[in-house]
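# A closer look at the structure
The chain contents come next:
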Amino acid sequence: MDDTGAADAGDSGASDLDIDIDALLDRAGFDPETSVLTRRQAEVLLLREQGVRQTTIADHIGTSRANVSSIEASARSNVEKARETVAFAEALSAPVRVELDVGTDLYDVPKLVYDACDEAGVKVTYTAPDLMKAVSDAAGGAVQGREVRESILVGVTSAGDVRVRRSTEQ
């Protein structure tokens, strides 16, 4: 299925609305009081994940396909923002925080992180190559080749998971 709502050849569209939306939202633990999603956004995401076409959803909720596309895009954006917020909070509350300054060699990162983890009594769950890759991947353009080009914060949770935050300072 593509983003325009075109479905796979085997998708019947209308039969997908035999889905008990309320039951599925309840089973997934959706609570509009605590969610970053509106009920409509959750419903659209649920139906899209079930393979229902945008045009079918539009007919079901009494709106246009373009509006369903907009609702879906907003919902996905809200989910991404929520993930980003959780990652930020986890990095801030991590018992191990290592700031990587501009010019730091990526090959020095494992020792810096492992030493900080040893001092805090936290066991990191990454091997040195995996840690370098995780930092490089999460930092995006802040790491070029082996060099840290923008400040990075590496946090390690009490469970040993690594959270990488790119500094927003210019």
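Any two side chains of opposite charge can pair if their charged atoms end up close together. Enumeration according to the criterion identifies 12 salt bridges in this entry. In this structure, the salt-bridge partner of Asp22 is Arg39, at a minimum N-O distance of 2.3 Å. Residue Asp22 is found in helix α1 (residues 21–27), and its partner Arg39 is found in helix α2 (residues 39–49); the two are separated by 17 residues along the sequence. Judged by its relative accessible area of 35%, Arg39 is partly exposed. Across the pair Arg48 and Glu72 runs a salt bridge, and its minimum N-O distance is 2.8 Å.

In this section: the environment of Ala116. Mapped onto the elements of the fold, Ala116 is located in helix α5 (residues 109–120). For Ala116, a relative accessible area of 23% gives the class partly exposed. Each C-alpha atom of the pair Ala116 and Arg97 lies 7.7 Å from the other, and the pair is 19 residues apart in sequence. Apart from residues lying up to four places away in sequence, Ala116 is in contact with Val96 and Val98.

Next up on the list: α5. In an α-helix, one turn spans 3.6 residues; hence positions three or four apart end up facing the same way. Along its 12 residues, α5 runs 17 Å from first to last C-alpha, staying within 8% of the 16 Å computed at 1.5 Å per residue. Of the positions making up α5, those classed as buried are Val109, Pro110, Val113 and Cys117. Considered in projection along α5, the buried side chains sweep an arc of 95 degrees and stay on one side of the axis. What points out from α5, more than 90 degrees from its buried face, is the exposed set Lys111, Asp118 and Glu119. Looking one or two places after α5, you find Gly121, whose phi comes out positive at around 75 degrees.

For the protein chain, per-residue confidence averages 87 on the pLDDT scale, and 89% of positions sit at 70 or higher. The element-level mean pLDDT for the protein chain is lowest in strand β5 (residues 162–166), coming to 87, with α5 highest at 96. pLDDT under 50 marks residues 1–16. Its contacts with residues more than four places away, or in other chains, come to 26 contacts.

This part is about the side chain of Gln41. By the element assignment, Gln41 lies in helix α2. Owing to a relative accessible area of 10%, Gln41 belongs among the buried residues under this scheme. Separated by 3.2 Å, the side chains of Gln41 and Asn78 make a polar contact. Look past the residues within four positions of Gln41 in its chain and what remains in contact with it is Val36, Ile71, Ser74, Ala75 and Asn78.

What follows covers the sheet that holds strand β1 (residues 96–100). The antiparallel open sheet is built from three strands, whose spatial order is β1-β4-β5. Across the chains shown, the open sheet's two edge strands, defined by having one partner strand only, are β1 and β5. Neighbour to neighbour, the strand axes of the sheet diverge by 20 degrees on average, direction disregarded. Pairing analysis gives five bridges linking β1 to strand β4 (residues 152–156), with the strands arranged antiparallel.

Cut-off values and rules
Residues numbered from 1 in each chain as written. Predicted model: local features only at pLDDT ≥ 70, side-chain atom pairs only at ≥ 80, totals over all residues. Heavy atoms only, no water. Salt bridge = Lys/Arg side-chain N within 4 Å of Asp/Glu carboxyl O. Helix = DSSP H or I, 4+ residues; strand = E, 2+ residues; numbered from the N terminus. Buried < 20%, exposed > 50% of the residue type's maximum accessible area, 1.4 Å probe, protein only. Contact = heavy atoms within 4.5 Å. Expected span 1.5 Å × (residues − 1). Arc of directions from axis to C-beta. pLDDT = per-residue confidence, 0-100. Polar contact = N/O pair within 3.5 Å; in protein donor to acceptor, adjacent residues only side chain to side chain. Pairing = 2+ DSSP bridges. Axes fitted to C-alpha atoms, helices over the stretch in contact; angles between N-to-C directions.

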